[in-house]
Amino acid sequence: MRTLIKDGTVVTASDTYVADVWIEDGKIVGLTHPAQRGALGGTAADHTIDATGQYVIPGGIDCHTHMELPFGGTTASDDFDTGTVAAAHGGTTTIVDFAIQSKGSSMRAGLDAWFAKAEGKAAIDYGFHMIMTEANPTALADMAAMVREGVTSFKMFMAYPGVFLVDDQQIFRAMQRAGELGALITMHAEIGLPIDVLVQQALAAGRTAPIYHALTRPEVAEATGTERAIALAEMAGVPVYMVHLSAQRALERVMEARDRGLPTYAETCPQYLFCTEDDLRGEPPGQGNGGESDEERAWKGAGYVCTPPLRPRHHHDHLWRGLRNYDLQVVATDHCPFCMKDQKALGRGDFSKIPNGMPGVETRLHLLWEGVTQGKISINRFVEITATAPAKLFGMYPRKGSIAVGSDADIVVWDPTRSKRLGTDTLHMRVDYSPFEGRTVPASPSHVLARGELIVHNDQWVGKAKQGRGQFIRRGTFAL
Ligand SMILES: [Zn+2]
């Protein structure tokens, strides 16, 4: 079975050119100039996709998702079935999700639990990072077994005392061990101990609305955590990757480190580029005509509770500049949806009990494309931060993340004129609200191919199999 994507404009992290893309057995087997098509004997295709006037880009790689994550007494509402199907509709063909080593349990048990969630369910390819909740001798030894399994990155938290938080000594030991193994440590770099004091004080003072989630997690907590994580990595002589960087001062710490030549990397997320702290305030008080109370109106901010919190608008420009200037390498989503009904509702009257997370795995490319149309990033940079850079940083390149001969045929035909209105009725994530309800984006995928199979065409799932067609990706070690 040979597939031809013809006359499209191929875009990689470095190049933009019109070409035919030939696909066989799930791989890209040829890139040719359209004028050569007739001259190449024996190259007739079984299936042809006309990409005239459209871009042919690598399938998106979202290296930060939480399908079916247990959090705060509930579980993220997308599982590996619904979440990966939604991802595919938005042009993402690979995710890297987070397995969890629970306190007192082994990494092996954590990995097996996440395999059980994903196997037979995932519609697109997936890998795992491993969250470490302790770095005792057993855990440090187990890291080698994880790397052999293709789980080559680990995440540690400076936040969430009593749940995920690990101290600097454990982080440092894990970093040294990661250095020996060729693994990458990723950091949630907000200092959680003082944050917890602010949270308790706010609640004691009767400040219970969603906005206090942001006001008790100030920018300085993230900037300081970022600086500390960089210092620990410098002492250990290893690279480090900041997940979900949200704020100007945290970015400045990363820029300083990179200017000193350190292998410091960071991702941001669409919510930090497109939403603001004001979204957490819900609707302004005293303006309702539907008889809603002020409390009811403020509660609508719960849908925007994620961690780190959304920041004031001026941070957007800094993050876009960071993406443009290579100080930020990746845009991932931290997709972790909870329904307003029954889930976010756990935090009514106590913002600290609102499950942390927003839906996003389906809308990442749609939103980021606005950066291209508004001249904030080039189209090549768009491809790099959504696919190529995560593939390289997390050991999947060149199998994933580019349009190249020999790579997996994970390809999106991106129609720059195919606008789409975002909303719960047009999106596929299993959640009862959209942070971007009613927003119209200018472009969207017309075709999504995963390992050569056309799985989404004009917003319709057309793949033969769905649940279980995704494969686990054994990722390589860190090699930038
Ligand atoms: Zn996360």
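Fair warning: this is a prediction, and the values are worked out from it, not measured in the lab. (Residues numbered from 1 in each chain as written. Predicted model: local features only at pLDDT ≥ 70, side-chain atom pairs only at ≥ 80, totals over all residues. Heavy atoms only, no water.)

**Student:** Any chance you could explain the pattern of salt bridges here in plain terms?
**Tutor:** Side chains that differ in sign of charge can pair as their charged atoms come close. Scanning the entire structure with this criterion turns up 40 salt bridges. Measuring nitrogen to oxygen at the nearest pair gives 4.0 Å for the salt bridge that ties Asp125 to Arg399. Here Arg399 lies in the loop between helix 13 (379-393) and strand 16 (411-415) and Asp125 lies in strand 10 (residues 125-132), a separation of 274 residues in the sequence. Taking the relative accessible area as the measure of exposure, Asp125 reaches 2% and is therefore buried. Residue Arg399 is classed as partly exposed on the basis of its relative accessible area, which comes to 29%. A salt bridge links Asp342 to Lys341, with the nearest nitrogen and oxygen atoms 3.4 Å apart. (Salt bridge = Lys/Arg side-chain N within 4 Å of Asp/Glu carboxyl O. Helix = DSSP H or I, 4+ residues; strand = E, 2+ residues; numbered from the N terminus. Buried < 20%, exposed > 50% of the residue type's maximum accessible area, 1.4 Å probe, protein only.)

**Student:** Looking at this structure, I do not really get the side chain of His213. What am I missing?
**Tutor:** Mapping His213 onto the fold places it in helix 6 (residues 211-215). Engagement of the side chain of His213 in a polar contact is seen with the side chain of Thr307, the distance being 3.3 Å. Beyond its immediate stretch of four places on either side in the chain, His213 contacts Val305, Cys306, Thr307, Pro309, Phe351 and Asn356. (Polar contact = N/O pair within 3.5 Å; in protein donor to acceptor, adjacent residues only side chain to side chain. Contact = heavy atoms within 4.5 Å.)

**Student:** What is the right way to look at the state of the cysteines in this model?
**Tutor:** One way to say it: the disulfide is the covalent bond shared by the sulfur atoms of two cysteines. Summed over the entire model, instances satisfying the criterion amount to zero disulfides. As a non-bridged cysteine, Cys275 has Cys306 as the owner of its nearest cysteine sulfur, 7.7 Å distant. Overall, Cys275 belongs to the buried group, its relative accessible area being 2%. (Disulfide = S-S within 2.5 Å.)

**Student:** Looking at this structure, how should I read the sheet that holds strand 15 (residues 330-331)?
**Tutor:** Think of a sheet as strands paired side by side through backbone hydrogen bonds, with each pair either parallel or antiparallel. Reading across from one edge, 6-9-10-11-12-13-14-15 is the order of the eight strands in this open sheet, with parallel pairing throughout. The open sheet terminates on both sides in strands that have one partner only, identified here as strand 6 (60-65) and strand 15. Bridge count for strand 9 (residues 92-101) against strand 10 is eight bridges, and the pairing is parallel. When the bridges of strand 10 are listed, Asp97 appears paired with Phe128. (Pairing = 2+ DSSP bridges.)

It is worth stressing that arrangement in space is one thing and function is another; only the former is reported here.
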